[in-house]
Amino acid sequence: MQDQNEKKVGRIHSFQSLGTVDGPGIRFVAFLSGCNLRCKCCHNPDTWLIKEGKEYDAQSIVQKVLRQKEYFGNKGGITLSGGEPLLQASFCAEIFRLCKQKGVNTCLDTSGSIINEEVLELLDFTDRVLLDIKYTNDKDYLENVGCSLSSVLEFLKILDQKGIKTTIRQVIIPTKNDSEQNIIQLKRITSDYKCVDGIELLPFRKFCSVKYDNLKIEFPFANIPEPTTEKMQRLNNLLK
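Now for a look at the structure at hand. (Residues numbered from 1 in each chain as written. Predicted model: local features only at pLDDT ≥ 70, side-chain atom pairs only at ≥ 80, totals over all residues. Heavy atoms only, no water.)

## A short note on the overall build of the protein
Looking only at helices and strands, the protein features nine helices and eight strands. Within the protein, the proportion of its 240 residues that are buried is 49%. A separation threshold of at least 6 residues defines the contact pool for the protein, and within that pool the share at least 24 residues apart is 70%. Of the side chains in the protein, 33 bear a positive and 31 a negative charge, and the two mean positions are spaced by 4 Å. (Helix = DSSP H or I, 4+ residues; strand = E, 2+ residues; numbered from the N terminus. Buried < 20%, exposed > 50% of the residue type's maximum accessible area, 1.4 Å probe, protein only. Contact = heavy atoms within 4.5 Å. Lys, Arg positive; Asp, Glu negative; His and termini not counted. Charge placed at Lys NZ, Arg CZ, Asp CG, Glu CD.)

Written out as structure tokens, the structure reads:
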């Protein structure tokens, strides 16, 4: 019984109602606490520690979702983000399982850096994945993220085998991954996966600096400029 309880209870950092940038349509977004990575561009350092989240059971999350179901339309639903939701995969699987029973579309926003039996169970109830591919080589991944590109591509391979619709996302960081060569490489390494139906390039932003200040920790990319609108347009044109 204890194992079952552990699967149904997890820690949430915060919620967002009627989100429009975390998957298709209008979505209820739950940001889970805890992250196994330390990305130097991280926008949410306040989500790193699981213990600092508030405890919820899966049923109570689903009740929150259902109260907004009338706004979802045909495309909307629930998105689990973070932090890294794969750290609480059993909890997430229970939320998604219950949502699927109620006809709610499920979307997972993840770095794809963890693969285990609990994660595979979660994917069984997942309609779409927003997969962050942060860089296109292992050197940059190990230096700026804390995992390897190969582990993320292995996760993408599983998504492809399961036929889960996948949107690739990459935050564009000047001097780090904003070259045309990087975008061409991103397009190349994801082109073999039939599950991938879109690539989104997101501009690096520094409004999160206040979070680092409040936590009294250094923002590693504080001195890196944000990309210009013109640069983002040029890179996005390469995807067409």
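## Let's talk about helix α3 (residues 89-101)
Taking 1.5 Å as the rise per residue, α3 with 13 residues should run 18 Å; its terminal C-alpha atoms sit 18 Å apart, in good agreement. In terms of residue burial, α3 counts as a mostly covered element, since 10 of its 13 residues are buried. Buried residues of α3: Ala89, Ser90, Phe91, Cys92, Ala93, Glu94, Ile95, Phe96, Leu98 and Cys99, and no others. Looking at the residues trailing α3, positive phi occurs at Gly103, about 75°. (Expected span 1.5 Å × (residues − 1).)

## Side note on the pattern of salt bridges
In this structure the tally under the stated criterion is 11 salt bridges. Here Arg169 ties to Glu200 by a salt bridge, and the two come within 2.9 Å at their closest N and O atoms. Note that Arg169 is positioned in strand β7 (residues 165-172) and Glu200 in strand β8 (residues 196-203), a separation of 31 residues in sequence. Under the relative-accessibility criterion, Arg169 is labelled buried at 8%. (Salt bridge = Lys/Arg side-chain N within 4 Å of Asp/Glu carboxyl O.)

## Re the packing of helix α2 (residues 58-66) against α3
Contact geometry of α2 with α3 gives a least axis separation of 9 Å together with a crossing angle of 45°. Judged by the inter-axis angle, α2 sits oblique to α3. For the element pair α2 and α3, the recorded crossing hand is right-handed. Across the interface between the two elements, Ala58, Gln59, Ile61, Val62 and Val65 of α2 pack against Phe91, Glu94, Ile95, Leu98 and Cys99 of α3. The residue inventory of the contact of α2 with α3, partitioned by class, reads eight nonpolar, one polar and one charged. (Axes fitted to C-alpha atoms, helices over the stretch in contact; angles between N-to-C directions. Parallel < 35°, antiparallel > 145°, perpendicular 65-115°, else oblique. Left-handed = near helix turned anticlockwise from the far one by under 90°. Nonpolar A, V, L, I, M, F, W, Y, C, P; charged D, E, K, R; others polar.)

## Some details on unusual backbone geometry
Geometrically, the link from Gly82 to Gly83 is a cis peptide bond, its omega value of 15° lying close to zero. Tracing the backbone through its elements, the reader meets Gly83 in the loop between β4 (77-81) and α3. In the Ramachandran plot, Thr175 falls in the positive-phi region, its phi being about 75° despite a non-glycine side chain. A residue is classified by how much of its surface remains accessible, and Thr175, at 63% relative accessible area, is exposed.

## A closer look at the nonpolar core
Formed by 65 residues in total, the largest nonpolar core has its most connected members in Ile78, Ile95, Ile133 and Leu156. If one sorts the elements of this core by residue count, α3 sits on top with eight residues. Setting aside its immediate chain neighbours within four residues, Ile95 contacts Ala58, Ile61, Val62, Ile78 and Leu80. (Core = buried A, V, L, I, M, F, W, Y, C linked by side-chain atoms within 4.5 Å.)

## Focus: the layout of surface pockets
Its volume calculated, the largest pocket comes out at about 960 Å³. Lining the largest pocket are 34 residues, with His43, Asn44, Asp109, Asp132 and Val171 sitting closest to its centre. For the lining of the largest pocket, the elements supplying multiple residues, two or more each, are β1 (9-19), β5 (105-110), β7 and β8. In the lining of the largest pocket, the residues fall into 13 nonpolar, 13 polar and eight charged. (1 Å grid on protein atoms, 1.4 Å probe; cavity = no way out; pocket = protein on both sides within 12 Å on 5 of 7 lines; lining within 4 Å. Points joined across faces, edges and corners; volume = space filled by probe spheres on them.)

## So, the packing of aromatic side chains
Pairs of aromatic rings are described using the distance from one ring centre to the other and the angle between the two planes. Applying the stated criterion to the full structure yields seven aromatic pairs. Here Phe15 and Tyr56 contribute two aromatic rings whose centre-to-centre distance is 5.1 Å and whose plane-to-plane angle is 85°, an arrangement assigned as edge-to-face. Residue Phe15 is found in strand β1, and its partner Tyr56 is found in strand β3 (residues 54-57); the two are separated by 41 residues along the sequence. Taking the relative accessible area as the measure of exposure, Phe15 reaches 27% and is therefore partly exposed. For Tyr56, a relative accessible area of 17% translates into the label buried. With a centroid separation of 6.1 Å and an interplanar angle of 80°, the aromatic rings of Tyr135 and Tyr141 are classed as edge-to-face. The residues Tyr135 and Tyr141 share a single accessibility class, namely buried. Among the aromatic side chains, those forming a connected cluster through ring pairs are Trp48, Phe204, Tyr212, Phe219 and Phe221. Against the face of Phe15 rests Lys64, its NZ or CZ located 5.1 Å from the ring centre. (Phe/Tyr/Trp six-rings, centres within 6.5 Å; stacked < 30°, edge-to-face > 60°. Lys NZ or Arg CZ within 6 Å of the ring centre and 35° of its normal.)

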